[in-house]
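# Observations on the three-dimensional arrangement
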Amino acid sequence: MKSSGTRQGYGDAARTPRGVLPRVRDPLTLLGAEFDGVHDVWRSTAGTVCVAGPQAARAVLGNRDGTVVDMSDFYRTRHGDFGPRAAQIRIGRSARALMRRHLDARRPELPGLVAELLTPSAVWPDAGNLLVLRHLRDVLVHPDAPPRLHATVEQIVRRSVLAGARRRHSPASRLLFRRRALSVLHGEVRARRRELTGPRDPRDLLDVVVGESEPGADPKDLAEVYLSFLFAAVGSVGFALGWSVYLLGTHPDSPAAKPSWVVREALRLWPVAWLFARTPSRAQDLGGTAVTPRDRLAVCTYLVHRHPGYWERPDEFVPERWAQAPPDPAYLPFGHGPHTCAGATVTMRLLEDLVELITRDRRLTVTHDGAGPQVGPALAPPRFTAVLSARTGCPGRR
Ligand code: HEM
């Protein structure tokens, strides 16, 4: 089963930046320590070519000159890149449209969910993931799908998507669960293929993947692409919400800021999708470093977003910086170029709605034990408790 988060947001440790960076306890700290703020591209001690400069990151991800082999972390499966590209594009468009319809229709539910799941207090980041799961449940698995599929998706979230969830189970138990879960997903993919006799509106994201892929695509690959959606929707969105709440709660004295600024600043400081793997397509010079197709590139948006040449007070939480136009080239929370996130707009809308609902009319208090981020293929916030109480003080302040 995939792990919480990604090869930037979606993958399992077997296929993500794994192999891109050495297996150290905290690859984020390692990269941060290696970056000198001057050399934007360098060969790390482990041999990986790291990219921390905004221009170089955009050149690699944008891939205008065919600098790298075309691929995205989202569509990478155990069997290679899921394709063809036309199917990827169809899937992305159809998923976005489905999400948008769902969010429009279900927006009125959000205040009730916030009250039920987050007040008077909740333990994060799980609380954010579980709220998003509840809100998006019908897009993930339509209500009339077999109960077995509903139960499997719920278990995947609890055992693989939540931050640190994998550590709570032994390797043997994980292997067993993975086999069972994948077999349910494969069975459902086959069943839906049999049902699918012509074009029809997708009922959920599994319909999207089955309906928009090529007829001969391997059901195992379709199951993996579906898992990418599950990890993006519940994992990445939940973590981004967690970071926004964490930063607001740990900066009680910062000036009141619009929810959109808070979400943007949270995704700048802690980009959930923080590391992208790519392979050079030919021998070339990349930002002063010679690379060949044998190299692995690791584009680190965490470092791009804190690059001292582009950001003032790069390590500080300053949501009001978003009142002005941001330095565009240095902000890539949803990637860049042909594989830019298909769900970026719907994600931002949901996050802004939620931050608005959580903070409006409520005072937010966060307690935590000072631990750092939970670093995996995705960047999750540390465990913390957030108390939401009725606001009594001066208006306009959190
Ligand atoms: C905070 C939440 C999210 C973050 C941070 C995020 C981030 C990203 C990033 C960085 C990429 C580019 C990957 C690469 O270039 O290798 C990507 C791709 C993608 N994302 Fe998201 N994502 C999020 C939520 C979503 C959601 C909710 C959806 C569902 C509609 C979604 C669908 C996709 C798809 C389909 C792609 C592949 C695009 C392509 O290759 O054509 N994402 N995402």
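What comes next concerns the included structure. Please read these numbers as outputs of a predicted model, since none were measured by experiment. (Residues numbered from 1 in each chain as written. Predicted model: local features only at pLDDT ≥ 70, side-chain atom pairs only at ≥ 80, totals over all residues.)

Below, the discussion takes up the overall build of the chain. Within the chain, the regular secondary structure consists of twelve helices and 13 strands. For 398 residues, the compact-globule estimate of 2.2 N^0.38 gives 21 Å, and the chain sits close to it at 21 Å. A buried classification covers 47% of the 398 residues belonging to the chain. (Helix = DSSP H or I, 4+ residues; strand = E, 2+ residues; numbered from the N terminus. Rg over C-alpha atoms; globule rule 2.2 N^0.38 Å. Buried ≥ 20, exposed ≤ 12 C-beta atoms within 10 Å, placed from the backbone.)

Here the focus is the sheet that holds strand E1 (residues 41-43). Strand order across the open sheet formed by four strands is E1-E2-E9-E6, with mixed pairing between neighbours. The sheet is open, and its two edges are formed by E1 and strand E6 (275-278), each paired on a single side. Averaged over all pairs of adjacent strands, the angle between their axes in this sheet comes to 25 degrees, without regard to strand direction. Helix H2 (residues 54-62) contacts E1, strand E2 (49-51), E6 and strand E9 (297-300) of the sheet and is inclined by roughly 120 degrees relative to E9. (Pairing = 2+ DSSP bridges. Axes fitted to C-alpha atoms, helices over the stretch in contact; angles between N-to-C directions. Contact = placed C-beta atoms within 7 Å.)

It is worth spelling out the site of the ligand at this point. Residues in close proximity to the ligand total 29 residues, the closest being Ser236, Gly335, His339, Cys341 and Gly343. Here the element with the most residues in the shell around the ligand is helix H9 (residues 219-250); it accounts for six residues. Here the shell around the ligand is composed, by residue class, of 17 nonpolar, ten polar and two charged. (Near = placed C-beta within 6 Å. Nonpolar A, V, L, I, M, F, W, Y, C, P; charged D, E, K, R; others polar.)

As a further point, take unusual backbone geometry. Geometrically, the link from glycine 83 to proline 84 is a cis peptide bond, its omega value of 0 degrees lying close to zero. With respect to the element layout, proline 84 can be found in the loop between strand E4 (80-81) and helix H3 (85-106). In this chain, threonine 119 is followed by proline 120 through a cis amide linkage whose omega measures -5 degrees. Checked against the element boundaries, proline 120 lands in the loop between helix H4 (110-118) and strand E5 (121-124). One non-glycine residue, arginine 313, lies in the positive phi region at around 40 degrees. Residue placement: arginine 313 occurs in the loop between helix H11 (301-304) and helix H12 (344-359). For aspartate 361, which is not glycine, the phi torsion reads 65 degrees and is therefore positive. Topologically, aspartate 361 is positioned in the loop between H12 and strand E10 (362-368).

A large share of H2 lies buried, amounting to seven of its nine residues. For H2, the set of buried residues is Pro54, Ala56, Ala57, Arg58, Ala59, Val60 and Leu61. Tucked inside the fold, the buried residues of H2 contact E1, E2, E6, strand E7 (284-286), E9 and H11.

So, on to the sheet that holds E10. Strand order in this open sheet of three strands is E5-E13-E10, and the pairing throughout is antiparallel. Of all the strands in the sheet, just E5 and E10 have a single pairing partner and so form its edges. Taken over all neighbouring pairs, the strand axes of this sheet differ in orientation by 25 degrees on average, direction set aside. Judged from the four bridges that link them, E5 and strand E13 (residues 384-390) form a sheet pairing that is antiparallel. Its bridge partner lying in E13, serine 121 is registered against valine 387.

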